[in-house]
Amino acid sequence: MIGNGLPPYADALGIDIDHDEDGNPVLYFDYSDRVAGRPGFLHGGAMSGLMEMACMAALRAEMERRGETMKLKPVNVAVEFMRGGTEQRTFAMGSVTRAGRRVALVNAECWQDDRAKPIALAQMKILLSPAE
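Residues numbered from 1 in each chain as written. Predicted model: local features only at pLDDT ≥ 70, side-chain atom pairs only at ≥ 80, totals over all residues. Heavy atoms only, no water.

(A) Representation of the sheet that holds strand β6 (residues 120–130). Across the sheet, 6 strands lie side by side as β1-β2-β4-β5-β6-β3; this open sheet has antiparallel pairing. Every other strand in the sheet has two partners, leaving β1 (16–21) and β3 (70–81) as the edge strands with one partner each. Sheet twist, expressed as the average angle between the axes of neighbouring strands with direction ignored, equals 25°. Summarising the sheet, strand β2 (residues 24–29) and strand β4 (residues 90–99) pair through 4 bridges and their orientation is antiparallel. Bridge pairing in β4 places Phe 29 opposite Thr 90. Across the face of the sheet, helix α2 (residues 44–66) comes into contact with β2, β3, β4, β5 (103–111) and β6 while running at roughly 45° to β4. (Pairing = 2+ DSSP bridges. Helix = DSSP H or I, 4+ residues; strand = E, 2+ residues; numbered from the N terminus. Axes fitted to C-alpha atoms, helices over the stretch in contact; angles between N-to-C directions. Contact = heavy atoms within 4.5 Å.)

(B) Structural detail: the pairing of β1. Two elements, β1 and β2, share 5 bridges in a ladder whose sense is antiparallel. From the neighbouring strand, Ile 17 faces β2, where its bridge partner is Leu 27. Counting the residues that bridge the hairpin from β1 to β2 gives 2 residues, and of these Asp 22 lies at a positive phi of roughly 55°.

(C) Geometry of the nonpolar core. With 34 residues, the main nonpolar core has Ile 15, Leu 59 and Cys 110 as its most contacted residues. Sorting the residues of this core by element identifies α1 (8–13), β2, α2, β3, β4, β5 and β6 as the ones contributing at least two each. The element best represented in this core is α2, accounting for 12 residues. In this structure, Val 26, Tyr 28, Phe 91 and Trp 111 belong to the second largest nonpolar core, which totals 5 residues. (Core = buried A, V, L, I, M, F, W, Y, C linked by side-chain atoms within 4.5 Å. Buried < 20%, exposed > 50% of the residue type's maximum accessible area, 1.4 Å probe, protein only.)

(D) Geometry of the pattern of salt bridges. For the structure shown, the criterion picks out 6 salt bridges. With a shortest N-O distance of 4.0 Å, Arg 89 and Asp 18 are connected by a salt bridge. On the criterion of sequence distance, the pair formed by Arg 89 in the loop between β3 and β4 and Asp 18 in strand β1 is long-range, its members being 71 residues apart. Residue classification places Asp 18 among the partly exposed positions, given a relative accessible area of 34%. Ionic pairing is found between Arg 89 and Asp 30, a salt bridge with its closest N-O pair at 2.6 Å. Of this pair, Arg 89 sits in the loop between β3 and β4 while Asp 30 sits in the loop between β2 and α2; the two residues are 59 residues apart in sequence, bridging distant segments of the chain. A relative accessible area of 32% means that Arg 89 is categorised as partly exposed. Each of the salt bridges in this network shares a partner with another, and the network as a whole consists of Asp 18, Asp 30 and Arg 89. (Salt bridge = Lys/Arg side-chain N within 4 Å of Asp/Glu carboxyl O.)

In structure tokens, the structure reads:
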């Protein structure tokens, strides 16, 4: 984990924590060559990576609120691209739908200038196991 509690993958994409909203971290990255796709637009993998990190951060925050220390292992992620992301700051926030004893379901939304107009949505299943 790097200084902000996110894994090195997040650092590689330039992802950081913008603020906390209702106990969930809101992550962001600024447009750069690291996240560029076709000219003038974000790469879909970069948007997916941002939402994956938002899901993991939201679940970690939920586990901390519960006082539980768990290892998180992503099982799968489904992404719906709504429209192209452009050359500007991009945000994502995850929300835990369900966190049982062994599996968690977390949703994320990704937006740019207007949160009411998401550019992508994701749903992620994460396997939970006790930390060693």
